[in-house]
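Fold and contact review
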Amino acid sequence: MPVLVINCGSTSIKAAVVDPETGRRLAELKVERIGSPEATAAFNDKAPTPCSSSCEEALSACLPELLRELPDDARITSVGHRVVHGGSHFRSPTLVDDKFVAVLEEKTDLAPLHNPANVSGIRATTELLQDVPHVAVFDTAFHATIPRRARTYSLPQEIANRHAIRRYGFHGTSHQFVAKRVAEFLQQDLRTLRVITCHLGGGCSVCAVEYGRSVETSMGMTPLEGLVMGTRSGDIDPGALLHLMRAEGMDVNELDILLNRKSGLAGLSRLGNDMRDIEKQAEEGNEDCQLAIQVFCHRVRKYIGAYAAVMGGVDAIVFTAGIGQNSAVVRHRVAQRLEFLGARLDEDRNRAASVNRDNPVAEISMPHSRVRLLVVRTDESWSIALQANDLSQRSGAEATTRIIPVAISARHIHLTQDTVEALFGEGHELTPLKPLSQPGQFAATELVTLVGPKRRIERVRVLGPVRAKNQVEISRTDEFYLGVDAPIRASGDVANSPGITLIGTESRQVTLEQGVICAWRHIHMTPDDAAQFDVEDGDVVDIEVGTNRVRSLSFGDVLVRVKASYKLEMHIDTDEGNAAELNMSDVGELERTDAEGTLRKANRFR
Ligand code: ADP
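Residues numbered from 1 in each chain as written. Predicted model: local features only at pLDDT ≥ 70, side-chain atom pairs only at ≥ 80, totals over all residues. Heavy atoms only, no water.

**Notes on the packing of helix H7 (residues 238–248) against helix H8 (residues 252–261)**
Running from N to C, H7 and H8 cross one another at 135 degrees; their axes reach a closest spacing of 11 Å. Classified by the angle between their axes, H7 and H8 sit oblique to one another. Along this stretch, H7 crosses H8, giving a crossing that reads as right-handed. Residues Leu241, Leu244 and Met245 of H7 pack against Leu255, Leu258 and Leu259 of H8. (Axes fitted to C-alpha atoms, helices over the stretch in contact; angles between N-to-C directions. Helix = DSSP H or I, 4+ residues; strand = E, 2+ residues; numbered from the N terminus. Parallel < 35°, antiparallel > 145°, perpendicular 65-115°, else oblique. Left-handed = near helix turned anticlockwise from the far one by under 90°. Contact = heavy atoms within 4.5 Å.)

**Some remarks on the nonpolar core**
Residues Ile196, Cys198, Leu200, Phe296, Ile304 and Ile317 are the most contacted members of the largest nonpolar core, which totals 46 residues. Among the secondary structure elements, those contributing two or more residues to this core are strand S9 (194–200), strand S10 (204–210), helix H10 (275–283), helix H11 (287–311), strand S12 (316–320), helix H13 (328–335) and strand S14 (372–376). The element contributing the most residues to this core is H11, with eleven residues. Once you skip the residues sitting within four places of it in the chain, Ile304 turns out to touch Ile196, Cys198, Ile317, Val334, Leu338 and Leu341. (Core = buried A, V, L, I, M, F, W, Y, C linked by side-chain atoms within 4.5 Å. Buried < 20%, exposed > 50% of the residue type's maximum accessible area, 1.4 Å probe, protein only.)

**Brief notes about the packing of aromatic side chains**
Aromatic rings considered in pairs are described by the distance between their centres and by the relative angle of their planes. Inspection of every chain in the model, using the stated rule, returns five aromatic pairs. With a centroid separation of 5.6 Å and 75 degrees between ring planes, the pair formed by Tyr303 and Tyr307 is classed as edge-to-face. Note that Tyr303 and Tyr307 are positioned in helix H11 at a spacing of four residues, about one turn of the helix. Note on Tyr307: relative accessible area 3%, which makes it buried. One aromatic cluster is present, formed by Phe90, Phe100 and Phe138 through successive ring pairs. Sitting above the plane of the Trp382 ring, Arg181 keeps its charged end 5.2 Å from the centroid. (Phe/Tyr/Trp six-rings, centres within 6.5 Å; stacked < 30°, edge-to-face > 60°. Lys NZ or Arg CZ within 6 Å of the ring centre and 35° of its normal.)

**Structural notes on empty space enclosed by the protein**
What the rule picks out here adds up to three cavities of 30 Å³ or more. Computed from the structure, the largest cavity encloses a volume of approximately 90 Å³. Lining the largest cavity we find 15 residues, and of these Ser409, Glu473, Ala519, Ile572 and Asp573 sit closest to its centre. With three residues, strand S28 (residues 569–573) is the largest single contributor of residues to the lining of the largest cavity. Of the residues belonging to the lining of the largest cavity, the class tally is four nonpolar, six polar and five charged. (1 Å grid on protein atoms, 1.4 Å probe; cavity = no way out; pocket = protein on both sides within 12 Å on 5 of 7 lines; lining within 4 Å. Points joined across faces, edges and corners; volume = space filled by probe spheres on them. Nonpolar A, V, L, I, M, F, W, Y, C, P; charged D, E, K, R; others polar.)

**Quick notes on the pattern of salt bridges**
Enumeration over the complete set of coordinates arrives at 23 salt bridges. Taking the shortest distance from any N to any O, the salt bridge between Glu225 and Arg167 comes out at 3.5 Å. Of the two residues, Glu225 is situated in the loop between strand S11 (213–217) and H7 and Arg167 in the loop between helix H5 (157–162) and helix H6 (172–186); the sequence distance between them amounts to 58 residues. Here Asp315 makes a salt bridge to Arg194, at a shortest N to O gap of 3.5 Å. Note that Asp315 is positioned in the loop between H11 and S12 and Arg194 in strand S9, a separation of 121 residues in sequence. Both residues of the pair, Asp315 and Arg194, count as buried. Through salt bridges with shared partners, one network takes in Arg25, Glu28, Arg357, Arg377 and Asp379. (Salt bridge = Lys/Arg side-chain N within 4 Å of Asp/Glu carboxyl O.)

**Here we look at the sheet that holds strand S13 (residues 361–363)**
Taking strand neighbours across the sheet as the criterion, the six strands line up as S11-S10-S9-S12-S14-S13 in an open arrangement whose pairing is mixed. Only two strands of the sheet have a single partner each, and these edge strands are S11 and S13. The average angle at which neighbouring strand axes cross in this sheet is 25 degrees, direction not considered. Where H6 meets the sheet, it contacts S9, S10, S11, S12, S13 and S14, and its direction lies at approximately 120 degrees from that of S14. (Pairing = 2+ DSSP bridges.)

Written as structure tokens, this is what we have:
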């Protein structure tokens, strides 16, 4: 089922027909120097020939030719379009229609270098291939899970909101793709791993992938923030820009050119943006090039340290894209002095590392390194093909309208038998008070007091039966009240979460070393329900919640949990219930509301 993948940049078009099963290319097209009279088009390995300088005209002329290059039995089943900026609006791959294009055009000011070209590409291609689904895949979508504290700039909120100024992050397809490869290579579930992915190509960014979800990334509102890149500056004190405006009278366009095109490796090295040339000159003693490499690598290392702190540790650090996959020098410099994290580079492996389609992952850490250092081959076109193929196959059933009951889950605690006895006396067993909606679960008569660094919360309900791990589930508001910084986690995922003190009866007290989380909003369902909704355990979906359908609110980022013993129900916490103005009781451990949800869309590609 070949997928045509279109990537229209400001000066180039890359198109490929990709087999989503294997990533193999059936045909390729590269148009360069769009916008100039010297524009050329090249098919597969053939020599470039002159072509039209406009993106639309070049695609109209070249795409039919590209399709003629395909084997006779290959028929395009869908088209995947790379779109740089999805803004806050597009959180997952989206089917292209007229409304989509109109919304996308509104967003074009967010990525001046890229989105207009993406829109041109979509227009030309939908015109040419009208009978197949077209899917837009966003560089920003994978980062839709970045928590508010990480995506918010410290500007006055009114002005930030008015202009949608927040961190979005880019290169999402690549970060997501390589994180998945890491899990396959390590033969572990991505949902148990903390991975730092360093995409070092023409554009560069780092991403903290905590248990499969992006929680931090170095690019921000635009692809200009963060690392040193080929021609982009990355992080710079905004005060320096104010100074340049005053001291040199620079205007917006001049600053734009300075920061996007003249800075980065090109600006530092005075030689250009190609790391190969810079490395060669640095070896020959060119001090500008030496400095360029030092600044580049220092910045990557700094972000790695920061992201290890953000996630409370790291299991694997990954190098990918042109520089990350090919430059042993850069990897060596970046990985220096990461031993304190438990990451030990093996110099021989680093020098010998080579990745390709058949061997996409190379390990470059020492055998005893606790943190695995890996080189992973990224393939954004393959990733786009996979996502386009997945959505187009499911597009007939975008919204599944079966009703999902919604329940508000008040703060509560799950305890181990040991902790129950420590809090309520030896041999004590939890006493069921009333059954909960999930079969077998009950609210117990036992109540405990949570003692945080700042304040305490009394009469917190214990839920039974006892579990293998202690877990305290609280809301954001509780976090601030108690003074703890709890991560958003799926139930059971308490590693590296903060601890808390519990008081039971007769002043019996236990201090947990970890276990406090904000529960990730989720839906329980049976395997039959999952088949009906066309989702799997671990999928992340959007749910439209309405109170008797008078008002509705969309909850993105809802985790699907599937088990034969579950009953179909979505659980949100009290803060979320308040935000949605849903009714609830102040005593409920799991209070049914009169709201119900419909599952809108599944983001299956993890
Ligand atoms: P893009 O973001 O344009 O797709 P790539 O991922 O292809 O970028 O990466 C381009 C960068 O990779 C260039 O800076 C190039 O110098 C660098 N690169 C490619 N091969 C090597 C190599 N062998 N050593 C060092 N850098 C390399």
